[in-house]
Amino acid sequence: MPQSLTSDDGRLIGNAYVEIVPGEPDYERWAAESVTEEEAERRRSRWLAENDELEREFLAFKAEQD
């Protein structure tokens, strides 16, 4: 689940993801949105295989900015 660390005066120190297990507060809420490691890998693989058009658009945009 996402977790932020702040200083005593409220400034953001950092953001991270932490692992939680059944029985911990918020477990039920976050479990509904979770994916397995295998599903996460399938998503990464699909993104790498299917992002050619997006990458071309980004490179064209970047070239215009230079």
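Definitions and limits used
Residues numbered from 1 in each chain as written. Predicted model: local features only at pLDDT ≥ 70, side-chain atom pairs only at ≥ 80, totals over all residues. Heavy atoms only, no water. Helix = DSSP H or I, 4+ residues; strand = E, 2+ residues; numbered from the N terminus. Buried < 20%, exposed > 50% of the residue type's maximum accessible area, 1.4 Å probe, protein only. Contact = heavy atoms within 4.5 Å. Areas by Shrake-Rupley, 256 points an atom, 1.4 Å probe, with all protein chains shown as cover. Lys, Arg positive; Asp, Glu negative; His and termini not counted. Charge placed at Lys NZ, Arg CZ, Asp CG, Glu CD. Salt bridge = Lys/Arg side-chain N within 4 Å of Asp/Glu carboxyl O. 1 Å grid on protein atoms, 1.4 Å probe; cavity = no way out; pocket = protein on both sides within 12 Å on 5 of 7 lines; lining within 4 Å. Points joined across faces, edges and corners; volume = space filled by probe spheres on them. Pairing = 2+ DSSP bridges.

Visitor: What's the story with the overall build of the protein in this structure? I'm lost.
Guide: For the protein, the count of helices and strands is 3 helices and 2 strands. When its C-alpha atoms are laid out on the principal axes, the protein stretches across 50 × 35 × 15 Å. Counting all 66 residues of the protein, 5% fall into the buried class. By sequence separation, contacts in the protein at least 24 residues apart represent 10% of the contacts at least 6 residues apart. For the protein, the exposed area adds up to about 6,200 Å²; of that, 52% sits on carbon and sulfur atoms. Of the charged side chains in the protein, 8 are positive and 18 negative; the average position of the first set lies 2 Å away from that of the second.

Visitor: What exactly am I supposed to notice about the pattern of salt bridges here?
Guide: If the charged atoms of two oppositely charged side chains come close together, the side chains can form a pair. Per the stated rule, a full pass over the model turns up 6 salt bridges. Residue Glu-39 pairs with Arg-42 through a salt bridge whose shortest N-O separation is 2.8 Å. Taken together, the residues Glu-39 and Arg-42, both in helix 2 (residues 37–50) and 3 residues apart, mark about one turn of the helix. For Glu-41, the salt bridge is made with Arg-44, and the minimal N-O distance between the two is 3.1 Å. Taken as a pair, Glu-41 and Arg-44 lie in helix 2 at a separation of 3 residues, close to a single helical turn. The partly exposed category is assigned to Arg-44, whose relative accessible area is 46%.

Visitor: In this structure, what is going on with the layout of surface pockets? I would like to understand it.
Guide: It is a probe the size of a water molecule, rolled over the atoms, that shows where empty space is left. The computed volume of the largest pocket comes to approximately 360 Å³. Around the largest pocket, the lining residues are Met-1, Pro-2, Tyr-17, Val-18, Glu-19, Ile-20, Tyr-27, Trp-30, Ala-31, Glu-33, Ser-34 and Val-35. Broken down by element, the lining of the largest pocket gets its largest block of residues, 3 residues, from helix 1 (residues 27–31).

Visitor: Which parts of the structure should I look at to understand the pairing of strand 2 (residues 12–17)?
Guide: The buried fraction of strand 2 amounts to 0 of the 6 residues, a small share that puts the element mostly on the outside. Bridge count for strand 1 (residues 2–6) against strand 2 is 5 bridges, and the pairing is antiparallel. For Gln-3, the partnering residue across the bridge sits in strand 2 and is Ala-16. Two successive antiparallel strands, strand 1 and strand 2, enclose a turn made up of 5 residues, where Gly-10 displays a positive phi of approximately 95 degrees.

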